[in-house]
Amino acid sequence: MPTCIDIASIIDKQKFGPFHLTVVSLSFLLMLVDGYDNISIAYIAPLLIKEWGVDKSALGPLFSAGLLGGLFGPPLFGYLGDRYGRKTSVILGAFFFGVFTLAQVWANSLGSMMALRFIAGIGIGGVLPITVALNTEFAPRRIRASMTMLSFVGVALGGALGGLVSSTFMGPYGWQVIFWTGGIAPMLVGVLALLVFPESLKYLSLHPTRRAELLKVLARLAPGLRV
């Protein structure tokens, strides 16, 4: 008789180890760049007023454009996660908002900046919940809240990091440096996630054609387990 394996039970029995450290560290980095890009526009506002000659009141829609885009991110990337895997969705999201954040380097008007902020916001808003879902899935129940909170620290730290980058580099390099760093960093984290981030075990268990990948992730999670 075939034996049923309860994946959730296997996850809950594990002690915190290198596998969990990898998941938390990458989740932290993803949320770090997510938080950085979400807040970054606030640090360049004074320079945009001076350089583009825009009124302060016009910056309201610019600030809200990314947040508005963020409304569409979770359902879109949630669907992609269900269809193609959560790891795939997270990596796609990181590259998506990285590319459109980088494109803001060449924005030359309030309208073009708003459009790019809106599109980048879709990825920024979509990556965070999928990252949390992956982090939560691999966390044993007894330390689930701790792992989630550790990764969430990245959001606040990313926002603060934008202030450090702006105060240190914006003077000599202009406001564009905010978007150079904010665009390249998510893509680098995306490459790292492609190499070491695990795919959702629950997703893999529903796709028999990816059984080999399922066994590899299980071997990383629970080295002594034989399926």
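For every chain, the first residue of the written sequence is number 1, and numbering continues from 1 onward in sequence order. A pLDDT threshold of at least 70 governs which residues receive local features in this predicted model, and a stricter bar of 80 or more applies before side-chain atom pairs are shown or counted, although totals over entire chains, interfaces and linings include all residues. Processing note: side-chain calculations cover all non-hydrogen atoms of the structure and skip hydrogens and water entirely.

**Q** Can you walk me through a nonpolar patch on the surface in this structure?
**A** The grouping of V191, L192, L194, L195 and V196 at the surface amounts to a nonpolar patch, some 430 Å² of accessible area in total. The secondary structure listing takes helices from DSSP runs of H or I that are at least 4 residues long and strands from runs of E that are at least 2 residues long, numbered from the N terminus. Structurally, V191 can be placed in helix α8 (residues 176-196). Distance thresholds for patches are 9 Å for like charges and 5 Å for nonpolar side chains (Val, Leu, Ile, Met, Phe, Trp, Tyr), applied to residues having over 30% relative accessible area and no salt bridge. Working definition of accessibility: Shrake-Rupley area with a 1.4 Å probe, residue cover restricted to the visible protein chains. We define a salt bridge as a contact between a side-chain nitrogen of Lys or Arg and a carboxyl oxygen of Asp or Glu at a distance within 4 Å.

**Q** Looking at this model, I keep getting lost on the packing of aromatic side chains. Mind explaining?
**A** The geometry of an aromatic ring pair is captured by two quantities: the separation of the ring centres and the angle between the planes. A pair of aromatic rings is counted whenever rings of Phe, Tyr or Trp (Trp by its six-membered ring) have centres within 6.5 Å, and the orientation is called stacked for planes under 30 degrees apart, edge-to-face for over 60 and tilted otherwise. This model, assessed by the stated rule, comprises eight aromatic pairs. On the numbers, 5.5 Å between centres and 75° between planes, the contact of W106 with W180 is edge-to-face. Within this pair, whereas W106 is found in the loop between α5 (86-102) and α6 (110-138), its partner W180 is found in helix α8, the two being separated by 74 residues in sequence. Between buried and exposed lies partly exposed: a residue is buried under 20% and exposed over 50% of the maximum accessible area for its type, with that area taken using a 1.4 Å probe on protein chains only. The exposed category is assigned to W106, whose relative accessible area is 56%. Measuring from ring centre to ring centre gives 6.4 Å for F169 and Y173, while their planes differ by 40°; the resulting arrangement is tilted. Of the two residues, F169 and Y173 are both situated in helix α7 (residues 144-173); the distance of four residues between them amounts to about one turn of the helix. Here a set of aromatic residues connected by ring pairs shows up, and it is made of W52, W175 and F179.

**Q** What is the right way to read the pattern of salt bridges from this model?
**A** One side chain can pair with another of opposite charge once the charged atoms of both are near each other. Applying the stated rule across the entire model yields four salt bridges. Of the charged contacts in the structure, one is a salt bridge between R144 and D12, with a shortest N-O distance of 3.1 Å. Here the residue R144 occupies a position in helix α7, and D12 occupies one in helix α1 (residues 7-13), the gap between them amounting to 132 residues. Across the salt bridge formed by E213 and R210, the nearest N and O atoms sit 2.8 Å from each other.

**Q** Could you clarify how one ought to interpret the nonpolar core in this entry?
**A** Grouped burial of nonpolar side chains is what soluble globular proteins tend to show. With 31 residues, the main nonpolar core has F138, F197 and L201 as its most contacted residues. Within the residue set of this core, elements represented by two or more residues are α1, α2 (18-52), α4 (73-84), α5, α6, α8, α9 (201-205) and α10 (211-221). In terms of residues, this core owes the most to one element, α6, which gives six residues. Residue contacts are counted whenever heavy atoms from the two residues lie within 4.5 Å of one another. Once you skip the residues sitting within four places of it in the chain, F197 turns out to touch V23, L26, S27, L30, K87, V90, L134, L192 and R220. Core analysis: the next-biggest nonpolar cluster, separate from the first, contains 21 residues, V54, V105, M113 and M170 among them. Within this scheme, the nonpolar core is defined by two criteria: the residues are buried Ala, Val, Leu, Ile, Met, Phe, Trp, Tyr or Cys, and they are joined through side-chain atoms within 4.5 Å.

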